[in-house]
Amino acid sequence: MRYIRVLPDVAAIDKVFDYAVPEAMAADVRIGTMVRIELHGRRVGGWVVDDDVTPPEGVAVRPIAKVTGWGPPASLVALSEWAAWRWAGPRARFLGTASPPVAVRALPTVLEAIARPEAGALPRESLVAEAFAAGRAVVRLPPAADRRALVTAAMGLDDPALVLVPSVARAEAMGRALRADGHSVAVVPGEWSRAAAGAHVVIGARAAAWAPVERVGAVVVLDAHDEVYQEERAPTWNAWQVAAERAARDGAPCVLVTPCPTIDQQQWGTLVTTTRADERAGWAAVEVIDRRSDDPRSGLFSPRLVDLVRGEGRVVCVLNRKGRARLLACAKCGELCRCEQCGAAVGQHDVGLRCSGCGLERPGLCLACGSLQLKRLRLGVTRVREEVAALVGEPVGEVTGDDADDPGARVVVGTEAVLHQVRRATTVVFLDFDQELLAPRFRAPEQAMALLARAARVVGGRPGRVVVQTRLPDHEVIAAAVAADPGLLSRPEAARRRELSQPPFAAWALVSGDAAPALVDALPETVRTAGPDDGRWLISAPSHDALCDALTATGRPPGRLRVEVDPLRA
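As the structure is a prediction and not an experimental result, all values here were calculated from the model.

### Some details on helix 16 (residues 487-500)
Between the first and last C-alpha of helix 16 there are 20 Å, a value that for 14 residues agrees with the 20 Å anticipated at 1.5 Å per step. What helix 16 keeps buried is the set Gly-487, Leu-489, Ser-490, Glu-493, Ala-494 and Arg-497. End-on view of helix 16: buried residues confined to an arc of 140 degrees, all on one side of the axis. Counted as exposed and oriented over 90 degrees from the buried face of helix 16: Arg-491 and Glu-499. Buried-residue contacts for helix 16 involve strand 6 (136-140), helix 8 (263-268), helix 14 (444-458) and helix 15 (476-483). Positive backbone phi, approximately 55 degrees, marks Ser-501, located one or two places after helix 16.

Printed below as a string of structure tokens:
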């Protein structure tokens, strides 16, 4: 009798069980196959994680109930064990991401690429050749640069190429373009079975890091700095790091392409850059509006901004604050408008006020003196749109994360989501860039630089223009963008993080939930803990090995628990 080991797809169970394989199902069962099993009196799904095992003596081994279909290849089954250690999460979460969205009973026939590029077709001295020769490369290309040569080079190798892009829409667009050129392409997750059958290039967004390719020939991650590659739900795995681990295990090159590589990425691989002339040409001209001498009561609208929105061309105004007003004060007594229940700031909402913390709604009056006269200290996108419309005398569009489409107006106001919805503009203006520079996060400078890079792509590099309103005109982020040299930020930022023992020169995790105090108390002395701060504890260690080993060795106490390894918002 043949025996296999199965990991159930059950959230509360993170252990494997042995099952027998009936003769009628034997040909369809391999490592990674999705099956149905009887477990504790009910039938559940699971994955075969080991084959030809020897069950414990004296144990009656039940047969599997059904073969559901194809699942992740054996290489991803092994990778899931590493990922569960690396991000302190259940292994089933990763295997679920690596599995097809619907049951796959058989794989299709995939033809070879009609126009497959040859590996030796690229110049040896080119940036592309240098990146692939490095093996682990971080290619710093300006926002407006063409990155197709790097994808083409990855497709010139024997095994399938894996290409990650920030969104499914971009993956589908790239897939159509490559397919029109005659290449064998699979865009996941929709074409999961085609990827498993051997398409020569597999393209997708974050989940494509787990695409069903047994062995990758090369990995290319476009816009690798984009935070969308990190899963927000626990386990907080990162797609470029999963893809890089796959490439390392397969001995394949991994190339991260980005206009502003993070410190983590520069510590991981060899930095490859283009010429200074090409880099400057691919960044937009950055104009800085220094507001240090302006009256703080003048609000967001400097004279230069008024000229810009009243001028010609399409203008996008960015402000990362939703609503009409996010901070109010009494015009009579000067008291800030705060929530009587939790103390957080309240903002304008419809005809009253709403708390930004607990959501409590109340009438629009001052709790200290009862005055109905409130002044806006921090405007939101909706109110700014109304005021800009009054300035330009024409309809102004609004885009937030809740909106899906470009409104089509000449002037558009929105949160940073507007930079993803509007494809082209003449000018992008950041109305309050100090909000990004002074955000209470250690990654705030990198995140601010990424916003400027995204804006430069919207205006298409030079002669497009990115305008920054700030009272910190000498900040390293702004200096780097003006000079079109992200190194002016990354060098001092790396030194600062090293001095403060921040990632990537340390490994961090945030834990929260009812069971967090018990977990923190049980952690070994090899890690340090700080907190609680707003219900969260920060766990730090000198390296990921030390951090992940400590979390793995510490049994999870009962109760609700969230573990965020490599938190983005710490």
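The rest of the description comes next.
### A closer look at the packing of aromatic side chains
Under the defined criterion, the tally for this structure stands at six aromatic pairs. Summarising the aromatic geometry, the rings of Trp-240 and Trp-268 are spaced 5.6 Å apart at their centres and angled 75 degrees between planes, so their arrangement reads as edge-to-face. In this pair, Trp-240 sits in helix 7 (residues 239-250) while Trp-268 sits in helix 8, placing the two residues 28 residues apart along the sequence. According to the relative accessible area criterion, Trp-240 is buried, its value standing at 6%. According to the relative accessible area criterion, Trp-268 is buried, its value standing at 17%. Where Phe-430 meets Phe-433, the ring centres are 5.2 Å apart and the plane angle is 65 degrees; that geometry is what we call edge-to-face.

### Some remarks on empty space enclosed by the protein
Tallying each qualifying case throughout the model produces one cavity of 30 Å³ or more. Looking at the largest cavity, its volume works out to about 30 Å³. As for the largest cavity, its lining consists of Val-318, Leu-319, Asn-320, Phe-430, Leu-431, Asp-432, Phe-433 and Glu-436. In the lining of the largest cavity, the residues fall into five nonpolar, one polar and two charged.

### Quick word on the environment of Ala-553
If you trace the backbone, Ala-553 turns up in helix 18 (residues 544-553). Relative accessible area serves as the criterion here: at 66%, Ala-553 is assigned to the exposed category. Once the C-alpha coordinates of Ala-553 and Ala-522 are considered, the two residues, 31 residues apart in sequence, prove to be 9.7 Å apart.

### Quick look at helix 1 (residues 74-86)
Across its 13 residues, helix 1 extends 19 Å between first and last C-alpha, which sits within 8% of the 18 Å expected from 1.5 Å per residue. Restricting attention to buried positions, one finds in helix 1 the residues Leu-76, Val-77, Leu-79, Ser-80, Trp-82, Ala-83, Ala-84 and Arg-86. In the core, the buried residues of helix 1 are packed alongside strand 4 (42-51), helix 2 (91-97), helix 7, helix 18 and strand 27 (562-565).

### Re the sheet that holds strand 1 (residues 2-8)
Read across the open sheet, the five strands follow the order 2-1-4-3-5; overall the sheet is antiparallel. At either margin of the open sheet sits one strand with a lone partner, and together these are strand 2 (17-21) and strand 5 (66-69). Pairs of neighbouring strands in the sheet enclose a mean axial angle of 50 degrees, with direction left out of account. In terms of strand pairing, strand 3 (residues 34-39) meets strand 4 through six bridges, oriented antiparallel.

### Description of the pairing of strand 24 (residues 507-512)
Counting buried positions along strand 24 yields six of six residues, so the element is predominantly enclosed. Residues of strand 24 alternate between two faces, with Ala-507, Ala-509 and Val-511 on one and Trp-508, Leu-510 and Ser-512 on the opposite face, all of them buried. With six bridges joining them, strand 24 and strand 26 (residues 536-541) adopt antiparallel strand pairing. Counted as the bridge partner of Ser-512 is Arg-536 from strand 26. Bridging between strand 24 and strand 27 involves four bridges; their strand directions are antiparallel. Across the sheet, residue Ser-512 finds its bridge partner in strand 27, namely Arg-562.

### As for the packing of helix 15 against helix 16
Where helix 15 meets helix 16, the closest approach of the two axes is 7 Å, and the angle between their N-to-C directions is 150 degrees. Between helix 15 and helix 16, the angle falls in the class roughly antiparallel. Here Glu-476, Val-477, Ala-479, Ala-480 and Ala-483 of helix 15 lie close against helix 16, whose contacting residues are Leu-488, Leu-489, Pro-492 and Arg-496.

### A short note on the sheet that holds strand 18 (residues 361-362)
Ordered in space as 16-17-18, the three strands form an open sheet in which the pairing is antiparallel. Looking at strand neighbours, the two that pair on one side only are strand 16 (346-349) and strand 18, the edges of this open sheet. With two bridges joining them, strand 17 (residues 352-355) and strand 18 adopt antiparallel strand pairing. If you follow Leu-353 over to strand 18, its bridge partner there is Arg-362.

### With respect to the state of the cysteines
Within this structure, the stated rule accounts for zero disulfides. Between Cys-260, a cysteine without a disulfide, and Cys-254, which holds the nearest cysteine sulfur, the sulfur-to-sulfur distance is 17 Å. A disulfide-free cysteine, Cys-369 has its sulfur positioned 3.6 Å from the sulfur of Cys-330, the nearest such atom.

### Focus on unusual backbone geometry
Cis rather than trans, the peptide bond between Ala-234 and Pro-235 has omega equal to 0 degrees. Mapped onto the secondary structure, Pro-235 falls in the loop between strand 10 (218-222) and helix 7. In this structure, the amide linkage connecting Gly-531 to the following residue, Pro-532, adopts the cis form with an omega of 5 degrees. Its location among the elements puts Pro-532 in strand 25 (residues 528-533). Unlike most non-glycine residues, His-40 shows phi in positive territory, near 55 degrees. Within the fold, His-40 resides in the loop between strand 3 and strand 4. Take His-40: its relative accessible area is 68%, and that puts it in the exposed class. The backbone of Asp-52 shows a phi angle near 50 degrees, a positive value even though the residue is not glycine. Along the chain, Asp-52 falls in the loop between strand 4 and strand 5. Here Asp-52 falls in the exposed class, since its relative accessible area comes to 60%.

### So, the pairing of strand 25
Burial analysis of strand 25 places just zero of its six residues in the buried class, a small minority of the element. Looking at chain direction, strand 25 and strand 26 are connected through four bridges and run antiparallel. What sits directly across from Asp-533, in strand 26, is Arg-536. Between strand 25 and strand 26, which pair antiparallel in sequence order, lie two residues; one of them, Asp-534, sits at a positive phi of approximately 55 degrees.

Rules and cut-offs
- Residues numbered from 1 in each chain as written.
- Predicted model: local features only at pLDDT ≥ 70, side-chain atom pairs only at ≥ 80, totals over all residues.
- Heavy atoms only, no water.
- Helix = DSSP H or I, 4+ residues; strand = E, 2+ residues; numbered from the N terminus.
- Expected span 1.5 Å × (residues − 1).
- Buried < 20%, exposed > 50% of the residue type's maximum accessible area, 1.4 Å probe, protein only.
- Arc of directions from axis to C-beta.
- Contact = heavy atoms within 4.5 Å.
- Phe/Tyr/Trp six-rings, centres within 6.5 Å; stacked < 30°, edge-to-face > 60°.
- 1 Å grid on protein atoms, 1.4 Å probe; cavity = no way out; pocket = protein on both sides within 12 Å on 5 of 7 lines; lining within 4 Å.
- Points joined across faces, edges and corners; volume = space filled by probe spheres on them.
- Nonpolar A, V, L, I, M, F, W, Y, C, P; charged D, E, K, R; others polar.
- Pairing = 2+ DSSP bridges.
- Axes fitted to C-alpha atoms, helices over the stretch in contact; angles between N-to-C directions.
- Parallel < 35°, antiparallel > 145°, perpendicular 65-115°, else oblique.
- Disulfide = S-S within 2.5 Å.

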